[in-house]
Amino acid sequence: MDAAVASSTLPNALQQLVTGSPEWLALFDRDRRYCQTSPSLAAVLNASQLEWLGQHNAALAEMTQQAGLPKVWRKYWQQVDDALLTVIQEQQAEKRVHALPNEDGDLQLCEATYTPIYDAQGQVEAVVSMSHPTVIPSAMQAAEVKSLAVAQLEAYPDAIVGAEMPDLTAASLANLAGPLAPVAASPVASRLPTPGVGQPGLQVHQTAEFLQVVLDNIPQYIFWKDLNSVYLGCNQRWAEMAGFNNPSEVVGITDDDLPWTPEEADWYLKCDRRVMATDTPMLRIKESQMQADGKLSWRETSKLPLHDAQGNVVGLLGTIEDITERKIAEDLLKQSEATYRKLAKQEELLNQISNQIRQSLSVAEIQQRTVQEVRQLFDVDRMLIYRFDKDWLGRVVTESVEAPWRSLLNEATQDTCFPEEHAAMYLEGRVRTIPNVATADLDECHRDFLLDMQVQANAIVPILVRDELWGLLIAHQCSGPRDWQEEEIKLLKALAAQVSIAIQQAELYAQTKQSGDLAQQKAAELENALQTLQKTQTQLVQTEKMSGLGQMVAGIAHEINNPVNFIYGNIPHIKEHLTDLTDLLSLYRENYPEPVEAVDDFIEEIDLDYVLEDLNKILKSFQIGSQRIQQIVTSLRTFSRLDEAEKKDVNLHEGIDSTLLILQHRLKAKADRPVIQVVKDYADLPLVECYPSQLNQVFMNILGNGIDALEQEITAGGRAQKSEPPTIAIATEQLQGEVLIRIRDNGPGIAEKHRARLFDPFFTTKPIGKGTGLGLSISHQIVTERHGGRLIVVSEANQGTEFQIYVPLTHVSA
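Note that this is a predicted model, so its numbers are computed, not measured.

Peer 1: Could you clarify how one ought to interpret the overall build of the protein chain in this entry?
Peer 2: A count of helices and strands for the protein chain gives 24 helices and 23 strands. A burial count over the protein chain gives 45% of its 814 residues as buried. Sequence separation of 24 or more characterises 60% of the internal contacts of the protein chain that already satisfy a separation of 6 or more. Only carbon and sulfur atoms are counted for the fraction: they give 51% of the accessible area of the protein chain, which is about 42,500 Å².

Peer 1: Just checking my understanding: could you explain unusual backbone geometry for this structure?
Peer 2: Excluding glycine, most residues fall at negative phi; most peptide bonds, likewise, are trans. For the bond running from Ala403 to Pro404, omega is 10°, close enough to zero to count as cis. Tracing the sequence through the fold places Pro404 in the loop between strand 13 (394-401) and helix 13 (420-427). One non-glycine residue, Arg32, lies in positive phi territory at about 70°. Here Arg32 shows up in the loop between strand 1 (24-29) and strand 2 (34-37). On the accessibility criterion, Arg32 (18% relative accessible area) is buried. The phi dihedral of Gln454 is positive, around 70°, even though this residue is not glycine.

Peer 1: Would you mind showing me how to read the pairing of strand 1 here?
Peer 2: Within a regular strand, side chains alternate between the sheet's two faces. Counted residue by residue, strand 1 has six buried out of six residues, so it is predominantly covered. A two-sided burial pattern is seen for strand 1, the buried positions comprising Trp24, Ala26 and Phe28 on one face and Leu25, Leu27 and Asp29 on the other. In this structure, strand 1 lies alongside strand 5 (residues 124-133), joined through six bridges in antiparallel fashion. Within strand 5, the position partnered with Asp29 by the bridge is Ala126. Here three bridges tie strand 1 to strand 2, and the two strands are oriented antiparallel to one another. Following the sheet pairing, Ala26 is matched in strand 2 by Thr37.

Peer 1: Got a minute to help me understand the packing of helix 22 (residues 692-715) against helix 24 (residues 775-786) in this structure?
Peer 2: Helix-helix packing is described using two parameters, namely the angle between the two axes and the distance between the axes. Axis separation between helix 22 and helix 24 bottoms out at 9 Å; the angle between their running directions is 145°. As for how helix 22 packs across helix 24, the hand of that crossing is left-handed. Across the interface between the two elements, Gln694, Leu695, Gln697, Val698, Asn701, Ile702 and Asn705 of helix 22 pack against Gly775, Leu776, Ile778, Ser779, Ile782, Val783 and Arg786 of helix 24. Its residues placed into classes, the contact of helix 22 with helix 24 shows seven nonpolar, six polar and one charged.

Peer 1: Which parts of the structure should I look at to understand the pattern of salt bridges?
Peer 2: A pair can form between side chains of opposite charge whenever their charged atoms are brought close. Per the counting criterion, the structure on display carries 30 salt bridges. For the salt bridge of Glu402 with Arg375, the shortest nitrogen-to-oxygen distance reads 2.8 Å. With Glu402 in the loop between strand 13 and helix 13 and Arg375 in helix 12 (residues 363-378), this residue pair connects regions lying 27 residues apart in the sequence. A salt bridge links Lys722 to Glu713; the nearest nitrogen and oxygen atoms lie 2.7 Å apart. One continuous salt-bridge network, built from bridges that share partners, spans Arg666, Lys670, Arg673, Asp708 and Glu711.

Peer 1: Explanation requested: the sheet that holds strand 14 (residues 432-434) in the structure shown.
Peer 2: The strands making up a sheet associate through backbone hydrogen bonding, with each pair oriented either parallel or antiparallel. Strand order in the open sheet made by the five strands is 13-12-16-15-14, with antiparallel pairing throughout. Sheet topology places strand 13 and strand 14 at the edges, where each strand pairs with a single neighbour. For this sheet, the mean inter-axis angle between neighbouring strands, taken without regard to orientation, is 20°. With six bridges connecting them, strand 12 (residues 382-388) and strand 16 (residues 468-477) associate as antiparallel partners. Bridging from a neighbouring strand, Tyr386 pairs with Leu472 of strand 16. Lying over the sheet, helix 12 contacts strand 12, strand 13 and strand 16, oriented at roughly 50° with respect to strand 13.

Peer 1: Hey, could you run me through helix 22 in this one?
Peer 2: Count 3.6 residues to each turn of an α-helix, and residues three or four apart come out pointing the same way. Its 24 residues place the ends of helix 22 34 Å apart at the C-alpha level, agreeing with the 34 Å of an ideal helix rising 1.5 Å per residue. Counting buried residues along helix 22, 19 of its 24 residues qualify, which places the element largely inside the surrounding structure. Positive phi appears at Gly717, one or two residues downstream of helix 22, with a value of about 80°.

Peer 1: Help me out: how do you make sense of helix 5 (residues 71-90) in this one?
Peer 2: Look at helix 5: 28 Å from first C-alpha to last across 20 residues, which is about the 28 Å you get at 1.5 Å a residue. Here helix 5 has its buried residues at Val72, Trp73, Tyr76, Trp77, Val80, Asp81, Ala83, Leu84, Thr86 and Val87.

Peer 1: How do you make sense of the packing of aromatic side chains when you look at a structure like this?
Peer 2: Here a ring pair, both rings aromatic, is described through the centre-centre distance and the interplanar angle of the planes. The final tally for this structure, using the stated rule, is 13 aromatic pairs. Look at Phe223 and Trp238: their rings are 5.7 Å apart centre to centre, the planes differ by 45°, and that puts the pair in the tilted class. In this pair, Phe223 sits in strand 7 (residues 221-226) while Trp238 sits in helix 9 (residues 236-242), placing the two residues 15 residues apart along the sequence. Across the pair, exposure class does not vary: Phe223 and Trp238 are buried alike. Their ring planes at 90° and their centres at 6.0 Å tell us that Trp260 and Tyr268 sit as a pair that is edge-to-face. On the accessibility criterion, Trp260 (8% relative accessible area) is buried. On the basis of relative accessibility, which here comes to 4%, the residue Tyr268 falls in the buried class. Here the aromatic cluster, defined as three or more aromatic residues joined through ring pairs, consists of Phe28, Tyr34, Trp52, Trp73, Tyr76 and Trp77. The ring of Tyr221 has Arg299 lying over it, and the distance from NZ or CZ to the ring centre is 4.3 Å. Seen from the ring of Tyr691, Arg786 lies directly overhead, with NZ or CZ sitting 4.5 Å from the centre.

How each quantity is defined
Residues numbered from 1 in each chain as written. Predicted model: local features only at pLDDT ≥ 70, side-chain atom pairs only at ≥ 80, totals over all residues. Heavy atoms only, no water. Helix = DSSP H or I, 4+ residues; strand = E, 2+ residues; numbered from the N terminus. Buried < 20%, exposed > 50% of the residue type's maximum accessible area, 1.4 Å probe, protein only. Contact = heavy atoms within 4.5 Å. Areas by Shrake-Rupley, 256 points an atom, 1.4 Å probe, with all protein chains shown as cover. Pairing = 2+ DSSP bridges. Axes fitted to C-alpha atoms, helices over the stretch in contact; angles between N-to-C directions. Left-handed = near helix turned anticlockwise from the far one by under 90°. Nonpolar A, V, L, I, M, F, W, Y, C, P; charged D, E, K, R; others polar. Salt bridge = Lys/Arg side-chain N within 4 Å of Asp/Glu carboxyl O. Expected span 1.5 Å × (residues − 1). Phe/Tyr/Trp six-rings, centres within 6.5 Å; stacked < 30°, edge-to-face > 60°. Lys NZ or Arg CZ within 6 Å of the ring centre and 35° of its normal.

Structural data, given as C-alpha cells:
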C-alpha cells in the first residue's frame, strides 16, 4: 500500500483533524508509514531534508545513513518504528521519549504517545501519535516547550501564542488528589459495535464513529464549537472532564452551562470571539479550570478557526493539554525561588542595618529604617518600636504603618495590664508570638488592649541594652490572624540585636560628646568669644531680634582688651626683673671672671650676650605689639560707638570714613592683586538722625562685600579684559526729606537668579567658609526696620554692583 492508498482509506475528517491541529500529530497506517502530519510536526521533520511522507520509518533510517545526516535522525526513525511495531503487536498505547535535533544543532527531548485505532474486528487499523517536549524539573524554564513554540509558529506564523488567563491561580502539591502519574491511554475496541452473526463487518474508518474513536483515544482534550461558541462535539476525555458520560451530551450547550466559574466562562468566550473574529489561531493559552469533580487543574489550550470550502470561518477547534503536573513543578520552583529571594532580602536588610549603624549615629534614623524595611519585607500592617519607662509603662517611639490602619505613634498607648512575668521572660531574650488574638490564652485586659489597637496577631522581640530591657520590637497584623514563620522571628531577633547595638553606640557617642563639650568650655578666651559671637548671631537670626554688629565688635574688643592689658601691664615688671638679672650676671662676671669649665661651655653654647640683647628686643616688640592691639581696640570701639547706641544727629561721612579706616588693610595692594582704589564724591549733607553704630554696620557689610567681589574676580582672572583698576566709588546726595548713599564696585556683578534672594538670611554666593549669608540680611533689617529707609541693589553681569541706601533725615521710630 503506497502513501496515497493509505491516506485514501482513512476518513477525510480524520485527516482534517490532523492537518488542522497545532500539536505535533502524526497518522500512520497499519504498515507504519506516514499518512498525514500536523503542520507543526511537519516543520520539525522537514529539518531532516528527507521526503518522509509515505515512507516507512525503517526506510527513512536507511536513507538517513546514506545521506550522511546526523546519527540522531537515524536513531529517531528507528525509535519511532520500534514504538509503532510495539503498539501494533501488543494492541495498546505506548509512551516513548525521543531526541530530535533542532535548527541550532542542539538536541531536544520530546515525549510521544502512540495510540492505536481499531477496526471492527479489534485489529489495529492505524496509529495516531502526539508529541510534546519533555519538561525537565531542574531546568524547567529553559526547556519550556521552546521547540514546540518554534514549530507551531512556523505552521501558524500569525498565531497568538502564550496568552494567559487573568488572575491565573498558583499551583501547589495540595491540588493533586494522589501522586503524580501520567494519564495512560487504553484501547477502546469495546466501545465499537461488533458485527452480528451473518452481518458483514462494519467499516469503522468510513463512518463518523471512526473519527470519534480516534478522538477518544488521543490523550489530549478536544472540542469544537460553532460561530456562536455553541459546542458541536468533543472527545470522551473532554466530556468526562466537563461532567458528562458521553460526548453527544455536549452538543448544543455553551460554557455558561458547564461547571466553570463565571470568570472562566467569560475568558473562554473572549478567546473564542478573538479567534473567530480575527481568523487567527491562539496557541498555548495558559488557563486554570475547575473541573466537574471539583478539582482545580491547569491547561494549555490551543484554539484554531475552522473554515468551510470557501474559506469562511464557521467555528473553531480546541485542544487542551493538561499541564497540572508541570504547573505544580513550575510554581514550586517559583515558590522556592521566592523563598530564597526573601531570605536573601532578609540578609541584605540585616547587612544594610549593620552598615548604617557603623556609618550613622542617629538612633532615630536607624530605628525608622528598621521598622519601614521589615514591614515591607514581611508584609505586616504595622511595625513599631516600644520603649519602656518606669513601672513597665512606655510609649511608641518609632512606627511604620500601612493604610488604613491607624498610627499609634502619637497615642498614649500604655499596656497597664502588662504582667511582670512577661518582663522576666523578655529579659531572658525570649520571643512571644500570638497567631490569633481572639483565640489566644490572654487576660481579657490585655486582649482588649490589643483589639483596641486593631491587632489580630503580633510578634514581640525584646530589645536588650546592657542586659536591661530597653524596649520591644513589635510586628502587628491587623487584617487577620497570622502564623509567624521561624525565619521571620530569627530576622526580628537579629534586627533587635542591631537596634540594641545602635542604642549603645549612640549613648556612648553622647557621653563622648558631653565630655568633649566640657573640654571645649576650657578653650582659649578668644575662641570662647568667637563661639559666643556665632551662637549669638544664630539666636538673633532665629528670634529676629538681632542686635547691631557694633555691639558684637565691641564685645570682641572687650574680650581682647583684658588679656592685652594684662600683657601690657606686666611688660614693665618683666623689664625690671630682666635688668636685675642682667646686673646679677655682670656681678658674677666681675667677681668670678674664671667660672668652672661647665658654666663657661654653657655660656658659649647659648651665646649669653646675644640672649641678653635679644631679650630686650623681644620685650620691645611685646610693648609695640600690645600698643598696636590697644589702638585696634580703640578703633573698634570708635567704630561700634557704644556710647552712641541711641539715635543721634550725626555726620554720615564720619561713619563711612571710620569704616574705610577699619578696612584699610583689605584695600592695600597684595602680591596677587593691585590696590583697590576708593573714589569718594561727598555732597554737603546735613546731620542725620539715626543709630550711628548700626549704620556703620551697614557700611561695613556693603563695603566688605564689594572688596570680596573684586578679589574673587581678580583670582578667577575675570578682570583680564577690563582696563580700569578695581575701584569702589562712594557718593552721597541730599534728596527730599532723605539722604542717599551710593556704594558701587566695578566687579563681576550679581546674577539675576541670585538678586531676588540677596537679602534672605543665610543666603550667600561666596565659597564655603567665606561667608555666613547674614551681612546683607542684617543690613536690610537695619535700614528698613530700624530707620524706615530703603536698601536697593542695582546690578548686571560684568557691569558691577551698586547698593543705594536711603535714610530719612528725621528718623521715625519703627
